[in-house]
Every structure is written in structure tokens, then in C-alpha cells.
Amino acid sequence: MVNPAMIFKMKSMWDEFTRNHPKFPRFLQAVASQPLEENTIIELTIQRPNGETIASNVKLTASDLALIETIKELGTNGM
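Quick notes on the rules
- Residues numbered from 1 in each chain as written.
- Predicted model: local features only at pLDDT ≥ 70, side-chain atom pairs only at ≥ 80, totals over all residues.
- Heavy atoms only, no water.
- Helix = DSSP H or I, 4+ residues; strand = E, 2+ residues; numbered from the N terminus.
- Rg over C-alpha atoms; globule rule 2.2 N^0.38 Å.
- Contact = heavy atoms within 4.5 Å.
- Areas by Shrake-Rupley, 256 points an atom, 1.4 Å probe, with all protein chains shown as cover.
- Salt bridge = Lys/Arg side-chain N within 4 Å of Asp/Glu carboxyl O.
- Buried < 20%, exposed > 50% of the residue type's maximum accessible area, 1.4 Å probe, protein only.
- Phe/Tyr/Trp six-rings, centres within 6.5 Å; stacked < 30°, edge-to-face > 60°.
- Pairing = 2+ DSSP bridges.

**Things to note about the overall build of the protein**
Here is step 1: Secondary structure summary: the protein contains three helices and two strands in total.
Here is step 2: Taken from the N to the C terminus, the helices and strands of the protein come in the order α-α-β-β-α.
Here is step 3: The globule rule puts the C-alpha radius of gyration for 79 residues at 12 Å, and the 16 Å found for the protein is more than 25% above it.
Here is step 4: Considering only C-alpha atoms, the protein reaches an extent of 35 × 35 × 25 Å along its principal axes.
Here is step 5: In the protein, once contacts between residues fewer than 6 apart in sequence are set aside, the share between residues at least 24 apart is 18%.
Here is step 6: When the accessible area of the protein is evaluated, it comes to approximately 7300 Å², of which 61% is carbon and sulfur surface.

Here it is in C-alpha cells:
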């Protein structure tokens, strides 16, 4: 069962995150404006303050897309 207090806490934290990083939600909206397709590549790069960089990517499969859809449904149904 979902703890309502935790939902409010997460909402507050997300609001602060979006105030600190306003471009990120717009990026997510742009990504969501078109359906993801099989063989789409998602890449993530982390750059630490000391200059160290680590990167990885995934090429989406049909099962990945099914997982993403399920997560989206959870979000729209409010868990």
C-alpha cells in the first residue's frame, strides 16, 4: 500500500527539483511527445566535479517498451 505522506514528500521534492532544473521536465516532455520505438538508443553520461566521466547506453527492445508503458500507466493511475 502506498503511504500518502510519502507521496506528498515526493511531490514536494519533485517540485524543488524542477525549480532547480527547469530544462529537465521540458526535456522529458519533448521525449514523451513522440512514441519511443524499438531500436531507439538512450544514452546517459555522468560527469563528476573532478572531470571523471562515465557513460552507458541501451538500445530499446520490445520488452523494454512494454516496461516503459507499464511504468507510464502506473504514473497516470496514481499508483
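**With respect to the pattern of salt bridges**
Here is step 1: With the rule as written, the count across this model stands at three salt bridges.
Here is step 2: As a salt-bridge pair, Lys11 and Asp15 come within 2.8 Å of each other at their nearest N and O atoms. On the criterion of helical spacing, the pair formed by Lys11 and Asp15 is a turn pair, its members being four residues apart in helix 1 (residues 4-20).
Here is step 3: Relative accessible area serves as the criterion here: at 25%, Asp15 is assigned to the partly exposed category.

**Thoughts on the packing of aromatic side chains**
Remark: the centre distance and the inter-plane angle together describe each pair of aromatic rings, the angle taken between the planes.
Here is step 1: Taken as a whole and judged by the stated rule, the model has three aromatic pairs.
Here is step 2: Here the aromatic rings of Trp14 and Phe17 are separated by 5.5 Å at their centres, their planes lie at 20°, and the arrangement is stacked. Of this pair, Trp14 and Phe17 both sit in helix 1, three residues apart, which is roughly one turn of the helix.

**Regarding the pairing of strand 1 (residues 41-47)**
Here is step 1: Among the seven residues in strand 1, zero count as buried, and that is only a small part of the element.
Here is step 2: Linking two consecutive strands that pair antiparallel, namely strand 1 and strand 2 (residues 53-59), is a turn of five residues; a positive phi of about 95° is found at Gly51 within it.

**A short note on the pairing of strand 2**
Here is step 1: Across seven bridges, strand 1 lies against strand 2 in antiparallel orientation. Along strand 2, the bridge assignment pairs Thr45 with Ala55.

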